[in-house]
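Understanding the architecture of this molecule
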Amino acid sequence: MTTTVDAAARLAARTIETQSWGYVSTGTRFKVHHTPGTPRDIWEKIDDAALVHRLTGVTPTVALHIPWDRVDDFRALRDHAEDQGIRIGSISPNLFQDDDYRLGSLTNSDPGIRAKAVDHVVACIEIMKTVGSRQLSLWLADGTNYPGQADFRRRTAHLQESLAEIHRQLPPGGGLLLEYKFFEPAFYHTDVADWGQSLLLCEGLDERAKVLVDIGHHPLGTNIEHIVATLLGRGRLGGFDLNSKKYGDDDLFVGAINPQETFLICAELVAAEDDPDPAVSGPARDILYKIDQCAMIEQKLPAMLHSVDAIQTAFAKALLIDRPALEEARANGDVVLSHRIVNDAFLTDVRPLLAEVRERLGVPADPLLSYLGSAAPRQREATRVGVPAGW
Ligand code: PSV
Ligand code: MN
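Residues numbered from 1 in each chain as written. Chains lettered and ligands numbered in written order. Predicted model: local features only at pLDDT ≥ 70, side-chain atom pairs only at ≥ 80, totals over all residues. Heavy atoms only, no water.

Topic: the overall build of the chain
Spelled out, the test is: Numbered from the N terminus, helices here are DSSP runs of H or I no shorter than four residues, and strands are runs of E no shorter than two. Radius of gyration: C-alpha atoms only; globule rule: 2.2 Å multiplied by the number of residues to the exponent 0.38. For each residue, the accessible area found with a 1.4 Å probe, counting protein chains only, is set against the maximum for its type, and the residue is called buried under 20%, exposed over 50%, and partly exposed in between. Two residues qualify as a contact provided that any one of their heavy atoms is within 4.5 Å of a heavy atom in the partner residue. Note on areas: these come from Shrake-Rupley sampling with a 1.4 Å probe, and a residue is covered only by the protein chains present in the view. A positive count includes Lys and Arg, and a negative count includes Asp and Glu. His and the chain ends are not counted in either. For this purpose, a charge sits on NZ of Lys, CZ of Arg, CG of Asp or CD of Glu.
Summing up its helical and strand segments, the chain has 15 helices and 10 strands in all. The C-alpha radius of gyration of the chain comes to 21 Å, within 12% of the 21 Å expected for a compact globule of 391 residues. With the C-alpha coordinates aligned to their principal axes, the bounding extent of the chain is approximately 60 × 55 × 40 Å. Classification of the 391 residues of the chain by burial places 54% in the buried group. When contacts within the chain are restricted to residue pairs at least 6 apart in sequence, long-range pairs at least 24 apart make up 78% of them. Counting only carbon and sulfur atoms, one obtains 54% of the accessible surface of the chain, whose full area is about 17300 Å². The averaged location of the 55 negative side-chain charges in the chain is 2 Å from the averaged location of its 40 positive side-chain charges.

Have a look at this one:
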């Protein structure tokens, strides 16, 4: 079993990436509600990401989405982030908000539209080089709405070819993370619908291409921790979009609906990090933990602080699983005891441990309450007048 001192050190070193679009006004197709203090542009989104890092000590990078976060001078944006103690993290291209992509982007049967989509992603790779980003985080909205609408195999072949072209342009040390989602906006078929399809496409490239798991992108009841373990076993789990869901791709904050699921996913990750086989532990220690949530009616910055805390809570519990006892119970075929040992860790109150971690990091013991009790919320509301940023 990991001692609490080891656990505190590991928790202090575990970093989480927040996302620029988590700080702005988002909503459903019915209504976008604005909340006071919302950033008006990418510069203010970075200010909020930096504030979250100052309060938590564990969120040193912020993900960008292009073109939502496009600026004329990305070097200046990089400096703006670095001046405040954070860096720009993964870059997400946007292949879903251009009329040309109505029938698909990288899968489109029109070579001109495929080339346009590839060019956009390559432009994002150029941004990666300027800002010093290591990961291209790619999600495709491509799919069809009706049976008969298109040829599945031909679309997959186009996609594989487009990905190979993109992959060749990655900067040294850069990786491609391919996210899957089983529906929405397409309702009949999605070209990268599940982890297996994403893995097959990644295996058609070299080891720098890995699968990204967005927690909300699974049918209800899916055993996500099993998917995570499968990908870890292949060394192809590259990252997460962390959030939670009750029904569809709800993008609620992390752990809100099923904290046990978050914990069980973390348990697989910790087990892989500690695996004696370096082919498993190596890639497991190089995973991007990105938040991908949308605050629809709630305050955005507190929602982000809450998610960071929920992720740390789940990892803290996972680190407390008594592994030797679990191994023994499993070896004895003791089903009830095996479950009991894992559940004991889940039921442990890790708030004192997290307070210790935060003391090590020199940040408030409770970042959310500290923020809410500070002058920052009112300052942000007073200074940020005008139109808040959205999608
Ligand atoms: C798609 O639903 C997704 O999860 C992708 O990660 C996008 O980049 C993000 O949401 C945009 O909101
Ligand atoms: Mn996502």
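Moving on from the coordinates now.
Some remarks on empty space enclosed by the protein
The test is simple: For each structure, a 1 Å grid was placed over the protein atoms alone; sets of points admitting a 1.4 Å probe that cannot get out are labelled cavities, open sets with protein on both sides within 12 Å along at least five of seven lines are labelled pockets, and lining residues have an atom within 4 Å of a point. Grid points are joined across faces, edges and corners, and a volume is the space filled by probe spheres set on the points. Each residue gets one of three labels, nonpolar for Ala, Val, Leu, Ile, Met, Phe, Trp, Tyr, Cys and Pro, charged for Asp, Glu, Lys and Arg, and polar for the others, Gly among them.
By the definition in use, this model includes 1 cavity of 30 Å³ or more. The computed volume of the largest cavity comes to approximately 100 Å³. In this structure, the largest cavity is lined by 14 residues; those nearest its centre are I215, L242, T262, I265 and C266. Looking at the lining of the largest cavity, the elements that each hand over two or more residues are strand 9 (237-242), helix 8 (259-273) and helix 10 (300-319). In terms of residue count, helix 8 provides more of the lining of the largest cavity than any other element does, 5 residues in total. Considering only residue class, the lining of the largest cavity consists of 10 nonpolar, 3 polar and 1 charged.

Let's talk about the site of ligand 1
Inclusion rule: The nearness test applies per residue and asks whether one of its heavy atoms lies within 4 Å of the molecule or strand. Any N or O atom pair separated by 3.5 Å or less is treated as a polar contact, with the protein-specific requirement of one donor-capable and one acceptor-capable atom, and with residues adjacent in sequence counted only for side-chain atom pairs. The rule for placing a molecule in a cavity or pocket is simple: more than half of its atoms must lie within 2 Å of the grid points.
Neighbouring ligand 1 are the residues W21, H65, W68, W139, E179, K181, D214, H217, D241, D249 and D292. Here E179 contributes a side-chain N or O atom positioned 2.8 Å from an oxygen atom of ligand 1. When ligand 1 is considered free in solution it has 310 Å² of accessible area, and contact with the protein chains removes 93% of it. A majority-of-atoms criterion places ligand 1 in the largest pocket. Of the residues assigned to the shell around ligand 1, the class counts are 3 nonpolar, 2 polar and 6 charged.

Some words on helix 5 (residues 152-168)
Short version of the rule: Under the convention used throughout, the expected extent of a helix is 1.5 Å for every residue step, that is, one less than its residue count. Think of the arc as the fan of directions from the helix axis to the C-beta atoms.
The end-to-end C-alpha distance of helix 5 is 25 Å, a good match for the 24 Å that 17 residues give at a rise of 1.5 Å each. Burial in helix 5 covers these residues: R155, H158, L159, S162, L163, I166 and H167. Down the axis of helix 5, the buried set is contained in an arc of 165°. They therefore lie on one face. Residues of helix 5 that are exposed and point more than 90 degrees away from the buried face comprise R153, R154 and R168. The N-cap residue of helix 5 is D151: its side-chain oxygen and the backbone nitrogen of R153 are 3.0 Å apart.

Overview of the coordination of the manganese ion (ligand 2)
Each donor-metal-donor angle would ideally measure 109.5 degrees in four-coordinate tetrahedral geometry, or 90 or 180 degrees in six-coordinate octahedral geometry. The condition that has to hold: Metal-coordinating donors are taken as N, O and S atoms lying within 2.8 Å of the metal, or within 3.2 Å when the metal is Na, K or Ca; because water is left out, some sites can appear incomplete. All geometry calls rest on donor angles, where a four-donor set with angles between 85 and 135 degrees is tetrahedral, four- and six-donor sets with opposite donors more than 155 degrees apart and all others between 65 and 115 are square planar and octahedral, and all else is irregular.
Taken together, the protein ligands of the manganese ion (ligand 2) are E179 (OE), D214 (OD), D241 (OD) and D292 (OD), with distances of 2.1 to 2.2 Å. Classification of the site at the manganese ion (ligand 2) rests on its 6 donor atoms, whose angles at the metal span 73 to 172°, yielding the label octahedral. Counting the intervening residues between successive donors of the manganese ion (ligand 2) yields the motif E-x34-D-x26-D-x50-D. Here D292 lies in the loop between strand 10 (288-291) and helix 10 and D214 lies in strand 8 (residues 209-214), a separation of 78 residues in the sequence. Both residues of the pair, D214 and D292, belong to the buried class.

Comments concerning helix 4 (residues 111-131)
Across its 21 residues, helix 4 extends 30 Å between first and last C-alpha, which sits within 8% of the 30 Å expected from 1.5 Å per residue. Taken as a whole, helix 4 has its buried residues at I113, R114, A117, V118, H120, V121, V122, C124, I125, I127, M128 and V131.

A few points about unusual backbone geometry
In this chain, I66 is followed by P67 through a cis amide linkage whose omega measures 20°. Note that P67 resides in the loop between strand 2 (61-66) and helix 3 (74-83). P185 follows E184 through a cis peptide bond whose omega is 10°. Mapped onto the secondary structure, E184 falls in the loop between strand 6 (175-179) and strand 7 (189-190). In this structure, D251 is a non-glycine residue whose phi angle is positive, near 55°. On the basis of relative accessibility, which here comes to 12%, the residue D251 falls in the buried class.

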